[in-house]
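Now for the letters of each chain:
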Amino acid sequence: MDIFTQDDNSTPLSADEKAGLKLKWITLRSELNEVETRNILDAQSWLLKTPPKDILSDTFLRKLHKKMFGQVWEWAGEYRTTERNIGVAPYEIPVKLLYLFDNTKFWIEAKTYTETEIAVRFHHKLVQIHPFPNGNGRVSRIMADLCMKQMGKEPLYWGNCNLTEISAVRKKYIAALQKADNGDYPDLLNFVTIPHP
């Protein structure tokens, strides 16, 4: 498969963003997936060695994205500057994130929802903002798991598969996210808590 071929639910990259690929030897999508996965594993090791104190901040979100994708992409850790088929306008990203972080802190302090629902709503809203050129789903899932950890809970269940690759589980996940776009969260809550075939 061509390196930049994506399914209909993936974020397409602009020409400049594609040019930001650091590893010019990569020519296949499978190679890109492999190096991104290795980079993400390095980021997860960093998180274990250096547990973050405050994840609900612009600074931490950008740092995490850079740790996850910085070995692969020049623009890792930088907010997108181009329009997308999903997400807010680029100029709205910092304000929308600040609003989301403040809301999430309030939900936690006021116990507005269960811990799982707080993490799920946080994850969904972060995906909806879509702050980065790529990797939004992956960084949002890790952020949700960190949110659960800071609330003293176990990480969420994400289908026990690679949600970046086309599969029946990914389709179920995308459908649940789309329902959540309309304020309908039960499918997404079920997705992260109930093992599925």
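Details of the structure are given in the entry above.
Model, not experiment: these values are computed from the prediction.

Peer 1: Is there a simple way to explain the packing of helix α5 (residues 115-129) against helix α8 (residues 186-193) in this structure?
Peer 2: Two packed helices can be described by the angle between their axes and the distance between those axes. One way to put it is that α5 packs onto α8 with a least axis distance of 10 Å and a crossing angle of 110°. The pairing of α5 with α8 is recorded here as roughly perpendicular in orientation. Crossing of α5 over α8 shows right-handed handedness. Residues T116, E117, V120 and H124 of α5 touch α8, and the partners they reach there are L188, L189, V192 and T193. For the contact of α5 with α8, the residue count by class is four nonpolar, three polar and one charged.

Peer 1: Quick question: what am I supposed to make of unusual backbone geometry here?
Peer 2: Most peptide bonds take the trans form, and the phi angle of most residues other than glycine is negative. Positive phi is not limited to glycine here, since K111 has a value of about 55°. Turning to its location among the elements, K111 is positioned in the loop between α4 (93-110) and α5. Judged by relative accessible area, K111 falls into the exposed class, the value being 66%. Despite not being glycine, H130 shows a phi value in the positive range, around 55°.

Peer 1: Before we go on, may I ask you to explain the packing of aromatic side chains in this structure?
Peer 2: Two aromatic rings are characterised by how far apart their centres lie and by the angle between their planes. If you walk through the whole model with that rule in mind, you get seven aromatic pairs. Ring centres 6.3 Å apart and planes at 85° place the aromatic pair W158 and Y173 in the edge-to-face group. Linking W158 in the loop between α6 (136-150) and α7 (168-180) with Y173 in helix α7, this pair joins segments that are 15 residues apart in sequence. Judged by its relative accessible area of 2%, Y173 falls in the buried class. Clustering of aromatic rings is evident, with ring pairs tying together W158, Y173 and F191. Of note, R121 hangs over the ring of Y113, and the distance from its end group to the ring centre comes to 4.2 Å. Looking at R121, its charged tip hangs above the ring of Y185, at a distance of 4.2 Å from the centre.

Peer 1: What should I look at first to understand the pattern of salt bridges in this one?
Peer 2: As a working rule, side chains carrying opposite charge can pair if their charged atoms are close by. By the definition in use, this model includes six salt bridges. In this structure, R138 engages E36 in a salt bridge whose closest nitrogen and oxygen atoms are separated by 2.8 Å. With R138 in helix α6 and E36 in helix α2 (residues 29-49), this pair connects stretches of sequence that are 102 residues apart. Assigned by exposure class, R138 and E36 land together as buried. Between E117 and R121 there is a salt bridge whose closest N-O contact spans 2.8 Å. Residue E117 and its partner R121 are both found in helix α5; the two are separated by four residues, about one turn of the helix. The class for E117 is buried, based on a relative accessible area of 16%. For R121, a relative accessible area of 18% gives the class buried.

Peer 1: Which parts of the structure should I look at to understand the packing of α2 against α6?
Peer 2: Contact geometry for α2 and α6: axes closest at 12 Å, N-to-C directions at 20°. In this view, α2 runs roughly parallel relative to α6, as classed from their interaxial angle. The crossing of α2 and α6 is right-handed. Along its contact with α2, which presents E36, I40, Q44 and L47, the element α6 presents R138, I142 and L146. Counted by class, the contact of α2 with α6 contains four nonpolar, one polar and two charged residues.

Peer 1: Any chance you could explain the nonpolar core here in plain terms?
Peer 2: If you look at soluble globular proteins, the nonpolar side chains tend to sit buried side by side. Judged by nonpolar contacts, the single largest core of 56 residues is most densely connected at L61, L64 and M143. Where this core is concerned, the elements lending two or more residues are α2, α3 (58-69), α4, α5, α6, α7 and α8. Setting aside residues no more than four positions away along its own chain, M143 makes contact with I55, F60, L61, L64, F101, F122 and L126.

Peer 1: I keep staring at α2 and nothing clicks. Help me out?
Peer 2: Residue pairs spaced three or four apart in an α-helix point in one direction, given the helix's 3.6 residues per turn. With 21 residues, α2 extends 30 Å between its outermost C-alpha atoms, agreeing within 8% with the 30 Å of an ideal straight helix rising 1.5 Å per residue. Burial in α2 covers these residues: R29, L32, N33, V35, E36, N39, I40, A43, W46 and L47. Residues of α2 that are buried sit in contact with α3 and α6.

Definitions and cut-offs
- The numbers attached to residues start from 1 for each chain and follow its sequence in the written order.
- The predicted origin of the model limits local features to residues at a pLDDT of at least 70 and limits the giving and counting of side-chain atom pairs to 80 or more, whereas totals for whole chains, interfaces and linings rest on all residues.
- Side-chain descriptors were evaluated using all non-hydrogen atoms of the structure, hydrogens and water having been removed beforehand.
- Note on definitions: angles span 0 to 180 degrees between N-to-C directions of axes, and those axes are lines fitted to C-alpha atoms, for helices only across the stretch in contact.
- Strands are runs of DSSP state E lasting at least two residues, helices are runs of H or I lasting at least four, and both sets are numbered from the N terminus onward.
- Should an angle fall under 35 degrees it is taken as roughly parallel, and over 145 as roughly antiparallel, whereas 65 to 115 is taken as roughly perpendicular and any remaining angle as oblique.
- Crossings are sorted by hand: turned counterclockwise from the far helix by less than a right angle, the near helix makes the crossing left-handed, and turned clockwise it makes it right-handed.
- By definition, residues are in contact when any of their heavy atoms lie within 4.5 Å.
- The residue classification treats Ala, Val, Leu, Ile, Met, Phe, Trp, Tyr, Cys and Pro as nonpolar and Asp, Glu, Lys and Arg as charged. All others, Gly included, are polar.
- Residue exposure (1.4 Å probe, protein chains only): buried if accessible area is under 20% of the type maximum, exposed if over 50%, otherwise partly exposed.
- Think of it this way: a Phe, Tyr or Trp ring, Trp meaning its six-membered ring, pairs with another when their centres are within 6.5 Å, and the plane angle makes it stacked under 30 degrees, edge-to-face over 60, tilted otherwise.
- Criterion for a charge above a ring: Lys NZ or Arg CZ within 6 Å of the ring centre, and within 35 degrees of the ring normal.
- When a carboxyl oxygen of Asp or Glu lies within 4 Å of a side-chain nitrogen of Lys or Arg, that pair is called a salt bridge.
- What makes a nonpolar core is a set of buried Ala, Val, Leu, Ile, Met, Phe, Trp, Tyr and Cys residues whose side-chain atoms join them at distances within 4.5 Å.
- By this rule, a helix spans an expected 1.5 Å times one less than how many residues it contains.

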